[in-house]
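# Geometric and topological summary
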Amino acid sequence: QVQLVESGGGLAQPGGSLGLSCAASGSISSINDMAWYRQTPGNERELVARIMGGDSTYYADSVKGRFTISRDNAKNTVYLQMNSLKPEDTAVYYCNAGVTGSSNYYSHYWGQGTQVTVSS
């Protein structure tokens with residue numbers, strides 16, 4: 001069993017900042033990629049940022065230069081620092097991780113989601 005627990009999020013004003021974190025726990029042998037997705041009502045979940053095991057990163061064009069993804073491998077935790085927030089960043093944010101469990105079973109897991117609202 002692997003669990004992803006997110007924290008952070010909340011309400012920010014346009015131009016403000018928020019930080020998200022997501023900690024993985026359970027029967028973990030190794031974690032490959034970790035990522036953040038977001039979803040708004042009526043829309044599909046979209047990839048926001050991903051960080052690979054070698055720390056290479058990918059960002060959606062809509063967040064490049066404003067968001068930063070990072071990870072702490074010792075803590076099995078991924079972070080998303082969001083700066084210069086815009087109202088269109090309002091969404092439920094989900095973390096995702098590719099995990100090899102202690103039984104060598106590999107799968108992707110999702111966090112429960114955390115609301116980010118950008119509004120004046």
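Our structure is the block above this text.
Now for a quick tour of the structure. (Residues numbered from 1 in each chain as written. Predicted model: local features only at pLDDT ≥ 70, side-chain atom pairs only at ≥ 80, totals over all residues. Heavy atoms only, no water.)

## A word on the sheet that holds strand β8 (residues 77-82)
To keep things clear, this is the line we draw: At least two DSSP bridges between two strands are required for those strands to pair. A helix here means a DSSP run of H or I that spans at least four residues, while a strand means a run of E at least two residues long, and both kinds are numbered starting from the N terminus. Every axis in this analysis is a line fitted to C-alpha atoms, fitted for helices over the stretch in contact. Angles between the N-to-C directions lie between 0 and 180 degrees.
The strand order β1-β3-β8-β7 describes an open sheet built from 4 strands, whose pairing is antiparallel. In the strand order of this sheet, the two ends are held by β1 (2-8) and β7 (67-72), each with one partner. Looking at each pair of strands side by side, their axes are set apart by 15° on average, direction ignored. In the sheet, β7 pairs with β8 via 6 bridges, with the strands oriented antiparallel. Within β8, the residue paired with Ile69 across the bridge is Leu80.

## A few points about the nonpolar core
Quick note on the threshold: Buried Ala, Val, Leu, Ile, Met, Phe, Trp, Tyr and Cys residues that are joined via side-chain atoms within 4.5 Å together make up what is termed a nonpolar core. Three exposure classes are used, based on accessible area relative to the maximum for each residue type with a 1.4 Å probe and protein chains only: buried under 20%, partly exposed in between, and exposed over 50%. In this analysis, two residues are considered to be in contact whenever any of their non-hydrogen atoms come within 4.5 Å of each other.
With 29 residues, the main nonpolar core has Trp36, Leu80, Met82 and Tyr93 as its most contacted residues. Those elements giving two or more residues to this core turn out to be β1, β3 (18-26), β4 (28-39), β5 (46-51), β7, β8, β9 (91-101) and β11 (114-118). It is β9 that contributes the most residues to this core, 5 residues altogether. Discounting chain neighbours no more than four positions away, the residues touching Tyr93 are Glu6, Leu20, Trp36, Tyr37, Arg38, Val48, Phe67, Leu80, Met82, Gly113, Thr114 and Val116.

## Digging into the side chain of Arg38
Going by this rule: Any pair of N or O atoms that falls within 3.5 Å is considered a polar contact. Within protein, one atom must be able to donate a hydrogen and the other to accept it, and sequence-neighbouring residues count only if both atoms are side-chain atoms.
With respect to the element layout, Arg38 can be found in strand β4. Engagement of the side chain of Arg38 in a polar contact is seen with the side chain of Ser62, the distance being 3.4 Å. Residues contacting Arg38, with those up to four places away along its chain left out, are Glu44, Arg45, Glu46, Val48, Ser62, Val63, Phe67, Glu88, Asp89, Ala91, Val92 and Tyr93.

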